[in-house]
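Summary of structural features
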Amino acid sequence: MFKEYPTSGFAHPERAEQSVLEKDMAFFKKNGALNKIANAVSAMIVILNRQRQIVYANELFLQSFYKSDFKNVIGKRPGEALNCIRSVNSFEGCGTTEFCRTCGAVNAILESQAGKKSEKECRIMMFNNSALDLRITSTPYKKRGTEYTIFAINDISHEKRRQNLENVFFHDVLNSAGGILGLSGILAEIENRDELLDIAQTINRAAENMVYEIQSQRQLGAAERGDLIPNLRTVESGKILNDIAGFYSKNDLFRNKIIEIAPDSEEVEFITDPVILRRILGNMVKNALEASAPGSKVKICSSAINNRVRFSVYNSGFIDKDVQLQMFQRSFSTKGNGRGTGTYSMKLLGEKYLKGKVGFNSTPENGTTFFIDLQPDFPAV
């Protein structure tokens with residue numbers, strides 16, 4: 001367990017003086033052997049001082065994030081240099097928020113400062129709602145009697161996306177396809193019309209689920225590439241809620257769970273992309289159903305709050321604190337490797353494309369509510 005500091009949510013907040021940073025920068029800049037090796041490898045490399053600040057960066061790092069301008073990166077911590085949204089959550093910056101306790105990057109740095117080489121994975125949500133999956137290697141490095149950390153960064157975002165896509169197809173789509181195959185194989189043997197109709201409806205629902213999962217992945221891919229264009233029109237909140245409740249009430253995976261539209265839901269007319277909104281709310285409902293025990297109830301609601309349209313999804317379960325701190329990170333999931341895009345896609349689609357605000361509240365006493373707040377009149381993009 002690392003030492004926590006009273007003015008920090010996790011790691012120490014102190015920073016080096018500018019004159020010390022400039023001396024370190026000048027020293028490493030003149031080190032020809034180091035520069036030659038660092039610029040020859042395929043990883044992004046920075047060197048950090050004891051205050052976790054950057055005093056050196058190789059060409060690949062600068063080209064990737066700073067267009068070769070080192071002056072803009074000196075003195076920053078890794079999260080600040082990579083535009084992590086958590087780096088502005090406290091005055092002390094990267095590494096000092098409660099969210100940083102679960103960050104692979106800062107934990108790898110702290111382990112290396114304790115004298116141990118450390119390799120960890122790190123997920124970063126950036127200010128533009130895009131995300132990075134990184135593999136970090138932190139190695140202790142002593143020079144001139146001063147301790148530093150060699151911080152090597154490999155971007156594994158494409159690898160994680162591929163793993164996720166494979167897992168979605170192997171898990172969700174194959175489940176649906178297997179159900180369709182099994183049921184369709186016995187259709188010819190059934191003579192009872194009512195039984196035949198029941199199986200046909202089950203096959204139809206399985207096909208709907210399979211198409212939904214494929215479309216979700218296509219939409220997420222387009223959103224991450226910046227190719228998704230919202231199709232805006234006037235919609236009614238009640239119609240959205242009825243569509244969501246109807247779709248998931250028919251899902252055989254959640255047969256023993258109840259979806260209820262809250263009696264106090266308000267009917268609100270507003271402008272949005274209904275397909276994207278249904279995708280976001282669908283992920284909220286699916287997560288709530290998966291977290292609920294058989295026989296329990298998930299409530300969905302729409303309301304007008306402070307000139308905003310709010311959609312919310314409630315279940316009685318509680319999300320552990322460590323999980324809350326990692327919510328909305330790409331590739332993070334409590335369901336296993338490669339299945340962590342549900343909450344991430346809520347944030348990406350809801351905030352980048354619908355210009356809303358996505359969040360959640362979870363306590364043992366009040367359960368868990370995910371929500372999205374939208375402006376009634378869609379803002380100009």
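For clarity, every value in this text was computed on a predicted model and none was experimentally measured.

Considerations on the overall build of the chain
- In terms of regular secondary structure, the chain is built from 11 helices and 12 strands.
- Viewed in the frame of its principal axes, the chain has a C-alpha envelope of about 85 × 50 × 40 Å.
- Taken across its 381 residues, the chain has 50% of its residues classed as buried.
- Contacts in the chain between residues at least 24 apart in sequence constitute 64% of all its contacts with a sequence separation of at least 6.
- A total of about 19,400 Å² of accessible surface is found on the chain, and carbon and sulfur atoms cover 51% of it.
- Where the 49 positive side-chain charges of the chain centre and where its 44 negative ones centre are 8 Å apart.

Re the sheet that holds strand 5 (residues 146-155)
- Reading across the sheet, the 5 strands line up as 2-1-5-4-3 and stay open at both edges, with antiparallel pairing between neighbours. Edge strands, defined here as strands with exactly one partner in the open sheet, are strand 2 (54-57) and strand 3 (118-125). Between one strand and the next, the sheet's axes are offset by a mean angle of 30°, whatever the strand orientation.
- Across 3 bridges, the pairing between strand 1 (residues 44-48) and strand 2 is antiparallel. Along strand 2, the bridge assignment pairs leucine 48 with isoleucine 54.
- Packing against the sheet, helix 1 (residues 18-30) makes contact with strand 1, strand 2, strand 4 (131-143) and strand 5, and its axis sits at approximately 20° to strand 2.
- Running at roughly 150° to strand 3, helix 5 (residues 104-113) makes contact with strand 1, strand 3, strand 4 and strand 5 of the sheet.

Thoughts on the sheet that holds strand 9 (residues 297-305)
- Taken in spatial order, the 5 strands line up as 7-9-10-12-11 in an open sheet, and their pairing is mixed. Since the sheet does not close on itself, it has two edges, and those belong to strand 7 (258-261) and strand 11 (357-363), each with one partner. Here the strands of the sheet are splayed against their neighbours by 20° on average, with no regard to which way each runs.
- As judged from the 4 bridges shared by strand 7 and strand 9, these two strands associate in the parallel manner.

Thresholds, definitions, all that
Residues numbered from 1 in each chain as written. Predicted model: local features only at pLDDT ≥ 70, side-chain atom pairs only at ≥ 80, totals over all residues. Heavy atoms only, no water. Helix = DSSP H or I, 4+ residues; strand = E, 2+ residues; numbered from the N terminus. Buried < 20%, exposed > 50% of the residue type's maximum accessible area, 1.4 Å probe, protein only. Contact = heavy atoms within 4.5 Å. Areas by Shrake-Rupley, 256 points an atom, 1.4 Å probe, with all protein chains shown as cover. Lys, Arg positive; Asp, Glu negative; His and termini not counted. Charge placed at Lys NZ, Arg CZ, Asp CG, Glu CD. Pairing = 2+ DSSP bridges. Axes fitted to C-alpha atoms, helices over the stretch in contact; angles between N-to-C directions.

From the geometry alone we can't say anything about function, so treat these as descriptive.
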